[in-house]
Amino acid sequence: MVCRMSLTIWLIAVGFFVGCGGTTLWGPSVYDIDVEPRNLPPEGGIVRVEIHTDGARQVTAVIKRPDGTEFETLLQPISVLTYGEKWKREIRLPPNTDPEGDDQVYTIVLRIFSEDSGLFNFFREKSAGQVIVKGTKPIGGTSAPSGSSEPSAGSSGSEGEGG
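Residues numbered from 1 in each chain as written. Predicted model: local features only at pLDDT ≥ 70, side-chain atom pairs only at ≥ 80, totals over all residues. Heavy atoms only, no water.

Peer 1: Lay out the sheet that holds strand S9 (residues 104-114) with the relevant residues and their values.
Peer 2: Strand order in the open sheet formed by 5 strands is S3-S10-S9-S5-S6, and the pairing between neighbours is mixed. Here the strands that pair on one side only, and so sit at the sheet edges, are strand S3 (39-40) and strand S6 (70-74). Pairing analysis gives 8 bridges linking strand S5 (residues 56-64) to S9, with the strands arranged antiparallel. Paired with Ala 56 across the strands is Ser 114, a residue of S9. (Pairing = 2+ DSSP bridges. Helix = DSSP H or I, 4+ residues; strand = E, 2+ residues; numbered from the N terminus.)

Below, the structure is given as structure tokens:
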């Protein structure tokens, strides 16, 4: 009887801890992630990252560059909703400078930090997907035949300058 009552009290305490403020034992709740646009021209441009959370005190975006290096930026809270918070950031991705003219792929991971409980500081990571900065490689075989050093007809001679 005492053991059953202790177990019941323990389960109620854990349930209270897990259910408070939208934060679970695994971190804040995430309802929606939006990244637009998913494709940028060779000149690069601005990508808008938006997330709807509950129980978050901070959200950062970790952007992995095509060369494997990363940079991190803080998202700004834009509104408090009936349930949760909305965060947003516009991130400028640079022009495509790939010497082969290939697309450059950036991977975005969001880190959502929980409200500070004093005892634990939980966060969870959620993939926001990829953004492609288009390359300058010609499509459809407009380059010179293999082994030829002559430009193909219609070539402007600017291939490989990163446009």
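Peer 1: Which residues make up unusual backbone geometry, and what values do they have?
Peer 2: Residue Glu 36 is joined to Pro 37 through a cis peptide bond whose omega torsion reads -10 degrees. Position of Pro 37 among the secondary structure elements: in the loop between strand S2 (27-36) and S3.

Peer 1: How would you explain the nonpolar core if you had to name every residue and give the values?
Peer 2: The biggest cluster of nonpolar side chains holds 20 residues, and the ones touching the most others in it are Val 49, Leu 75, Leu 93, Ile 108 and Leu 110. Breaking this core down by element, the ones donating at least two residues are strand S4 (45-54), S5, strand S8 (85-93), S9 and strand S10 (123-133). Once you skip the residues sitting within four places of it in the chain, Leu 93 turns out to touch Leu 40, Gly 44, Gly 45, Val 47, Ile 63, Phe 71, Tyr 106, Val 131 and Val 133. (Core = buried A, V, L, I, M, F, W, Y, C linked by side-chain atoms within 4.5 Å. Buried < 20%, exposed > 50% of the residue type's maximum accessible area, 1.4 Å probe, protein only. Contact = heavy atoms within 4.5 Å.)

Peer 1: Can you lay out the pattern of salt bridges for me, pointing to particular residues and giving the numbers?
Peer 2: Considering all chains together, one arrives at 6 salt bridges under this definition. For the salt bridge of Lys 86 with Glu 50, the shortest nitrogen-to-oxygen distance reads 3.5 Å. Separated by 36 residues along the polypeptide, Lys 86 in strand S8 and Glu 50 in strand S4 bring together distant segments of the chain. What makes Lys 86 partly exposed here is its relative accessible area of 26%. A salt bridge links Lys 134 to Asp 103; the nearest nitrogen and oxygen atoms lie 3.9 Å apart. Taken as a pair, Lys 134 in the segment after S10 and Asp 103 in the loop between S8 and S9 lie far apart in primary sequence, 31 residues in all. Lys 134 sits in the partly exposed class, given a relative accessible area of 34%. Counted as one network, the salt bridges with shared partners bring together Asp 34, Arg 48, Glu 50 and Lys 86. (Salt bridge = Lys/Arg side-chain N within 4 Å of Asp/Glu carboxyl O.)

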